[in-house]
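# Structural characterization, general
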Amino acid sequence: MTKAYAAQSENSKLAPHAIERRELRNDDVAIDITYCGVCHTDIHYAENDWGGTIYPVVPGHEIIGKVTAVGDNVKDFNVGDTVGVGCMVDSCRECSSCEKGLEQYCLNGMVPTYNGEDLHDKSITYGGYSEKIVVSDRFVVRVSEKLDPAKAAPLLCAGITTYSPLRHFGVQKGHKVGVIGMGGLGHMGVKFAKAMGAEVTIFTRSESKVSEAKKQGADHVIISTDDKQMEAAAETFDFLLDTVPVQHDLNPYINCLKVDGTHILVGLLEPVDPALQAGALVMKRRVLAGSLIGGIPETQEMLDFCAEHSIHCDVEMLDIQNINDAFVRMKKGDVKYRFVIDMDSLKQS
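Note that the structure is predicted; figures quoted are calculated from it, not measured.

## Let's talk about the sheet that holds strand 14 (residues 257-265)
With respect to topology, 6 strands assemble into an open sheet ordered 12-11-10-13-14-15, the strand pairing being parallel. Two strands close off the open sheet at either side, each with one partner strand: strand 12 (220-223) and strand 15 (287-290). Pairs of neighbouring strands in the sheet enclose a mean axial angle of 20°, with direction left out of account. Where strand 11 (residues 199-204) and strand 12 come together, 4 bridges link them in parallel fashion. Looking at strand 12, one finds that Thr201 is bridged to His220.

## Looking at unusual backbone geometry
Put simply, Tyr55 and Pro56 share a cis peptide bond, and its omega is -5°. Cis peptide bonds are those with omega within 30 degrees of zero, and the linkage from Asp273 to Pro274 qualifies with 10°. Its identity as a non-glycine residue notwithstanding, Asn115 has a phi of 65°, on the positive side. Mapped onto the elements of the fold, Asn115 is located in the loop between strand 7 (111-112) and strand 8 (132-136). With a relative accessible area of 12%, Asn115 lands in the buried category. Even without glycine at this site, Glu235 takes up a positive phi of about 55°. Considering the arrangement of structural elements, one finds Glu235 in the loop between helix 7 (227-232) and strand 13 (237-242).

## Details of the environment of Ile296
Residue placement: Ile296 occurs in helix 10 (residues 296-309). Residue Ile296 is classed as buried on the basis of its relative accessible area of 13%. Filtering out sequence-adjacent residues up to four positions away, Ile296 remains in contact with Met88, Gly101, Glu103, Arg138, Phe139 and Val141.

Thresholds, definitions, all that
Residues numbered from 1 in each chain as written. Predicted model: local features only at pLDDT ≥ 70, side-chain atom pairs only at ≥ 80, totals over all residues. Heavy atoms only, no water. Pairing = 2+ DSSP bridges. Helix = DSSP H or I, 4+ residues; strand = E, 2+ residues; numbered from the N terminus. Axes fitted to C-alpha atoms, helices over the stretch in contact; angles between N-to-C directions. Buried < 20%, exposed > 50% of the residue type's maximum accessible area, 1.4 Å probe, protein only. Contact = heavy atoms within 4.5 Å.

What follows is the structure, encoded as structure tokens:
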């Protein structure tokens, strides 16, 4: 049995809960969790905002830990290695997406780190708000000694969510990239785009975030509620990375794209509202695109890129006993920019 924190219903707070981790299969890695990032998705599942939550639910998919045991067929990981586990722990491994290392787009559905169904024994997966986890080696990534493990935890979601589209669409030196939103995803988008050589602009609704955006490395800041600033930005950008997770008007941003520019959604999962003016796409051959996380090869690439360029997430450390207060603060946007749980607080409880 393993200590964890779980929500028992959509109206309950997270509280101590005991779970059982499976015995090692031949390809499994057992991990003692040292840090776990707190993602807004954790709130959505704990409170059943999207429907389909299976209770009890143990959230957490930004996991860093130490290997404590490996299955008989595991060759790439050893006891004592620092490793990470992100948003998924399995996939069919056979479809065209999986064969390309795009497990996040598995045609048969990836298995999420929590609130998913194990493909072998049909048990429900439990996430990183726990002492330990057991994961197939194919879904474990290596964490460089150059990275601070606590600050690396959110890279497994916030990091790869922003890195993957920037890499996929070919952001490089000379490109102008706009990042919409200045939260956990947005500040990582700035760091990655800058490291890739782009000129980066933050779009924010708040004057108060201008100095903070500059501290994060943004070359420019545009107040999106200022019509004059938005008009001046018309047909300026090669790419827009849109990290806003709630409905918002895309039309003013689409008009900021050059011919052949691309607006990439990584935060919005709801219907676009208000309606998109398609003529703005057609007349300038612009693209509206979406992107999920990244596959396991790309996640490893991202971590290595972070180690090479000294990129990390800005975090606030948290004892797990304060997780419910953290959820309240996250809803208010009161965190810069990601909470990370020190799992010693659970182990010593």
